[in-house]
Every structure is written in C-alpha cells, then in structure tokens.
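Per-entry structural report
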Amino acid sequence: MAKVKGDIVIDIEKCKGCQVCMPACPNDVIGVSKNVNGKGYNYVETVNEECIGCANCAVVCPDGVITVYRKRIE
Amino acid sequence: MDTISKEDIRKPENIVYKRTELLTDKVMSYCPGCGHGTAHRIIMEVLEEMGIQDKTIGIAPVGCSVLAYEFMNIDMQQAAHGRAPALATAVKRLNPDKFVFTYQGDGDLAAIGTAETIHACNRGENIVIIFINNGIYGMTGGQMAPTTLEGMKSSTSPYGRDIKSMGNPIKMTELVAQLPGTIYVTRQAVHTPANVRKAKKAVRKAFENQKLNKGLSFVEIVSNCNSGWKMTPNQANQWMVDNMFPFYPLGDIKVNED
Ligand SMILES: Cc1ncc(C[n+]2csc(CCOP(=O)(O)OP(=O)(O)O)c2C)c(N)n1
Ligand code: SF4
Ligand code: SF4
Ligand code: SF4
Ligand SMILES: [Mg+2]
C-alpha cells in the first residue's frame with residue numbers, strides 16, 4: 001500500500017512562536033519549544049513523527065518560515 | 001516497512017511547500033501571528049505563479065504595512081496616508097502594461113483615504129486594491145477606526161464603541177461593490193489553511209482581471225491585530241471568527257463575468 005511520509009523544517013531563528021501553525025496541523029506534529037531563539041521567542045518544533053506533508057502549517061504561518069517535504073513510500 | 005529517515009524525506013525533490021523567493025529574507029516587522037505576513041505571502045505567491053513579478057508595481061500604505069516594500073521583492077512605491085489608490089491611478093495610467101496594486105489597512109483605506117478609495121473604484125481604474133481590515137489602527141496603538149465593531153474596545157473606545165456617540169462601523173467592501181467601476185469585490189480571511197487557499201484564489205482572480213482592463217478588483221482580507229486587540233494570536237483569530245465575521249461576512253460580493 002502506498003503511503004506518504006512528511007516532514008517539516010522550521011527556520012527557528014525566524015519563527016516568532018505565534019503558534020498559529022499548531023491548530024492547523026491535523027496530527028498535532030508541532031509543539032512549543034522550551035528554548036528561545038535569538039529574538040527571545042519560544043519557537044515551535046516537531047514533537048512526533050506523524051507528519052503527512054499536507055503543508056497546512058506552512059500555509060498559515062504568517063512569517064513563512066516552514067518548508068514542507070513529502071515522500072511516497074511503498 | 002516505513003522506516004525512512006528524515007534525511008531521505010528532506011530532499012529537494014520532495015519539497016511540497018517553501019517560502020516564495022518574492023518575499024525578501026528580512027524578518028517581517030509584524031507582531032507574531034499578525035495576518036499581514038500571510039497576506040503579503042499569498043500576493044507574492046500569486047505574482048510568482050503568474051510570472052508577472054517584473055511587470056508589477058505595488059503601492060504601500062501608511063500603517064503597520066508601511067514597510068511592505070522591504071518584504072515584497074518587487075518594484076514598489078510608498079504613498080502618503082490614504083493616497084495609495086490615487087498614486088496607483090497615476091502609476092497604472094502611465095504604465096498601462098504593468099500590473100498595479102495597492103495594499104492598505106482599514107485606517108488608511110476607510111478613514112483618511114475614503115475619498116481616494118471611492119473615486120478610484122467609481123472611475124474603474126484598472127488596478128487591484130488589497131484591503132487588510134483588522135478593525136483598528138494597529139500601527140499607532142490600537143485606536144478606534146471607522147471599521148471598529150459596535151461594542152469593540154480600542155484605546156480610544158475603552159468602554160467599547162458606542163454607536164450613538166461614535167457612529168456606525170463602515171462596510172467599505174459592500175459600499176464599493178455598488179459602484180459601476182468595480183469588476184470583482186470579495187471578502188476573505190487568512191487564519192486557517194482553507195481560508196488562505198481561498199484568499200489566494202481571490203487575489204489570483206483580481207490580478208487576472210487586471211489583464212482584461214475592465215475595472216477595479218477589490219479584495220478585503222479580514223485579519224487580526226492581536227496586539228491591538230490584546231489577545232494571543234490564536235485567541236484573536238477565534239475572536240475574529242466570533243465577532244468580525246458576523247458583521248463582515250466572507251465571500252464574493254460582486255463578480256462581473258462577461
Ligand atoms: C497624515 C497622517 N495622519 C495620521 C498618521 C498617523 N497614522 C499612522 S498609521 C495610522 C493608522 C493605520 O491604521 P491601518 O490603516 O488600519 O493600518 P494597520 O496598522 O492597522 O495595519 C495613522 C492614523 C500619519 N502617519 N499620517
Ligand atoms: S505538513 Fe501537515 S502534518 Fe506536517 S506538520 Fe505541517 S500541518 Fe502537520
Ligand atoms: S506559525 Fe510560523 S512563526 Fe508562528 S509559531 Fe508557527 S512556525 Fe513559528
Ligand atoms: S500592531 Fe496589529 S496590525 Fe500591526 S503588526 Fe501588530 S498585530 Fe499586526
Ligand atoms: Mg487596521
């Protein structure tokens with residue numbers, strides 16, 4: 001059965017920690033980091049391996065800091 | 001077996017979404033979660049997809065998006081407060097083969113620039129107006145705008161907008177839809193993935209219309225000003241759904257196809 005596996009890369013230095021991406025994700029992949037970036041924001045990070053590469057998070061990110069990957073696996 | 005490493009997934013050929021090159025590398029000056037950034041991005045994605053970035057001239061307003069020209073990687077000019085449609089009129093008339101758009105907040109478009117907005121729409125200038133309505137003067141500290149809802153608190157209506165003493169909120173989009181010069185008038189939002197995708201389609205339609213030289217396309221984007229509203233971004237988006245959308249309903253208001 002063909003399945004897809006996704007992954008995202010967040011530019012954590014440019015992330016403002018607004019969390020708008022979090023409710024947009026169908027699989028609760030994104031959570032808030034305990035760490036802060038150079039601007040003092042608690043950036044977001046992936047917290048599980050359930051990403052399907054739907055790009056919802058990237059589409060709503062006001063700062064456009066998420067890159068989305070998707071790969072078909074047999 | 002789905003044992004696949006992140007390195008295998010994170011390959012250029014597997015990219016399904018990345019930031020458009022038509023946004024500069026500068027960190028946008030907007031507050032975390034502000035809809036201005038999303039609105040900028042969908043406009044730039046549309047220009048990129050249409051391949052018209054080197055034929056487009058944008059007009060930035062006064063307001064939080066006064067620096068839009070720092071973030072949009074295209075030719076731009078910044079207008080005096082509210083005068084973007086007048087400047088866009090001149091730019092388009094002098095350069096009829098360019099795509100010209102304005103990007104304006106509600107204080108800019110619906111207060112100090114009301115005359116410019118209405119007359120550019122009524123004349124049917126062949127431009128696109130993108131109207132970011134957050135119901136407030138974001139940049140200057142959250143003062144009441146003409147678009148502020150009844151009962152909505154702002155720094156100059158701390159007990160909520162009172163219609164009797166402060167007047168009614170104005171629906172600019174419904175108003176300009178009445179004018180013969182507008183060809184496409186719509187209201188959108190950018191707080192969810194589905195809304196962003198719809199809003200982007202509307203922006204695309206607006207720029208496609210400009211090719212037809214049939215009039216002005218007006219795209220309102222209802223957006224949050226979470227700082228001015230004094231909420232977190234996600235709370236502000238929810239407040240927008242609960243309070244802004246009933247008064248400013250989303251959808252097309254005028255679509256002239258012929
Ligand atoms: C002639 C003039 N009058 C007043 C101002 C002050 N001013 C700057 S931005 C602004 C309102 C901006 O509100 P809006 O257009 O809604 O943009 P937002 O910041 O909410 O995106 C005002 C009144 C100014 N810069 N110039
Ligand atoms: S691409 Fe989709 S599944 Fe993956 S993190 Fe973003 S929203 Fe979640
Ligand atoms: S929406 Fe973008 S800026 Fe906001 S927390 Fe998510 S990745 Fe960071
Ligand atoms: S003040 Fe309001 S409109 Fe301005 S950047 Fe902040 S949230 Fe956005
Ligand atoms: Mg405003």
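Small disclaimer: the values here were computed from a predicted structure and weren't measured.

Near ligand 4 you find Y30, C31, C34, H36, C64, N134, G138, C225, N226 and S227 of chain B, and these make up its full shell. Taken together, the residues that form the shell around ligand 4 break down as 5 nonpolar, 5 polar and no charged.

Now for the packing of helix α4 (residues 84–94) of chain B against helix α6 (residues 114–123) of chain B. Residue and element names in this part refer to chain B. At a closest axis distance of 8 Å, the pairing of α4 and α6 adopts a crossing angle of 35°. Residue-level inspection shows P85, A86, T89 and R93 of α4 in contact with α6, the latter providing E116, T117, A120 and R123. A per-class count over the contact of α4 with α6 returns 3 nonpolar, 2 polar and 3 charged.

Attention now moves to the pairing of strand β8 (residues 182–189) of chain B. Residue and element names in this part refer to chain B. Within β8, 8 of the 8 residues are buried, leaving the element largely enclosed by the surrounding structure. Taken together, the 7 bridges between β8 and strand β9 (residues 216–222) define a ladder with parallel strand orientation. For Y184, the partnering residue across the bridge sits in β9 and is S217. Handedness of the crossover is the feature at issue here: the chain leaves β8, passes through helix α9 (residues 193–212), returns alongside β9, and the resulting connection is right-handed.

Bringing the packing of aromatic side chains into the picture now. Residues and elements named next belong to chain B. Under the definition given, this model contains 5 aromatic pairs over all chains. Aromatic pair F101 and F207: ring centres 5.7 Å apart, planes at 70°, arrangement edge-to-face. In this pair, F101 is assigned in strand β4 (residues 99–105) and F207 in helix α9, connecting sequence segments 106 residues apart. Here the two residues F101 and F207 agree in accessibility, since each one is buried. For the cation-ring pair, K171 lies above F247, with the distance from its terminal atom to the ring centre recorded as 4.2 Å. Above the plane of the ring of Y184 lies K205, whose end atom (NZ or CZ) is 5.4 Å from the centre.

In this model, Q19 of chain A sits at a positive phi of 70°, which is unusual for a non-glycine residue. Of note, Q19 of chain A is situated in the loop between β1 (3–10) and β2 (30–36). The residue N213 of chain B is not glycine, and still its phi comes out positive at about 55°. By relative accessible area, which is 48% here, N213 of chain B ends up partly exposed.

For the rest of this paragraph, the subject is the coordination of the magnesium ion (ligand 5). Residues and elements named next belong to chain B. Here the magnesium ion (ligand 5) is held by the protein donor atoms D106 (OD), N134 (OD1) and I136 (O), which lie 2.0 to 2.2 Å from it. Sequence spacing of the donor residues for the magnesium ion (ligand 5), all on one chain, is D-x27-N-x1-I. Placement of the pair is D106 in helix α5 (residues 106–112) and N134 in the loop between β5 (128–133) and β6 (136–137), with a sequence separation of 28 residues. Judged by its relative accessible area of 6%, N134 is buried.

How each quantity is defined
The written sequence of each chain sets the order in which its residues are numbered from 1. Here every chain gets a letter starting at A, and every ligand a number starting at 1, in the order they are written. Residues qualify for local features only when their pLDDT is at least 70, as the model is predicted, and side-chain atom pairs are given and counted only at 80 or more; totals for whole chains, interfaces and linings, by contrast, use all residues. As a rule here, side-chain values come from all non-hydrogen atoms in the structure, and water together with hydrogens is ignored. A single heavy atom is enough: if one lies within 4 Å of a molecule or strand, its residue is considered near that molecule or strand. Residue type decides the class: Asp, Glu, Lys and Arg count as charged, Ala, Val, Leu, Ile, Met, Phe, Trp, Tyr, Cys and Pro as nonpolar, and the leftover types, Gly among them, as polar. Here an axis means a line fitted to C-alpha atoms, over the contact stretch when the element is a helix, while the angle between two N-to-C directions is reported on a 0 to 180 degree scale. Secondary structure elements are taken from DSSP: a helix is a run of H or I of four residues or more, a strand is a run of E of two residues or more, and numbering for both begins at the N terminus. We call two residues in contact when some of their heavy atoms are within 4.5 Å. Three exposure classes are used, based on accessible area relative to the maximum for each residue type with a 1.4 Å probe and protein chains only: buried under 20%, partly exposed in between, and exposed over 50%. Strands are labelled as partners when DSSP assigns at least two bridges between them. We call a crossover right-handed when, viewed with the strands running away from us, the connection from the first strand over the helix to the second turns clockwise. Stacked, edge-to-face and tilted labels apply to pairs of Phe, Tyr and Trp rings (six-membered ring for Trp) whose centres lie within 6.5 Å, assigned for plane angles under 30 degrees, over 60, and everything in between, in that order. Over a ring means this: the NZ of a Lys or the CZ of an Arg is within 6 Å of the ring centre and within 35 degrees of the ring normal. Because water is not among the atoms used, a metal site may look incomplete, as its donors are only the N, O and S atoms within 2.8 Å, or 3.2 Å for Na, K and Ca.

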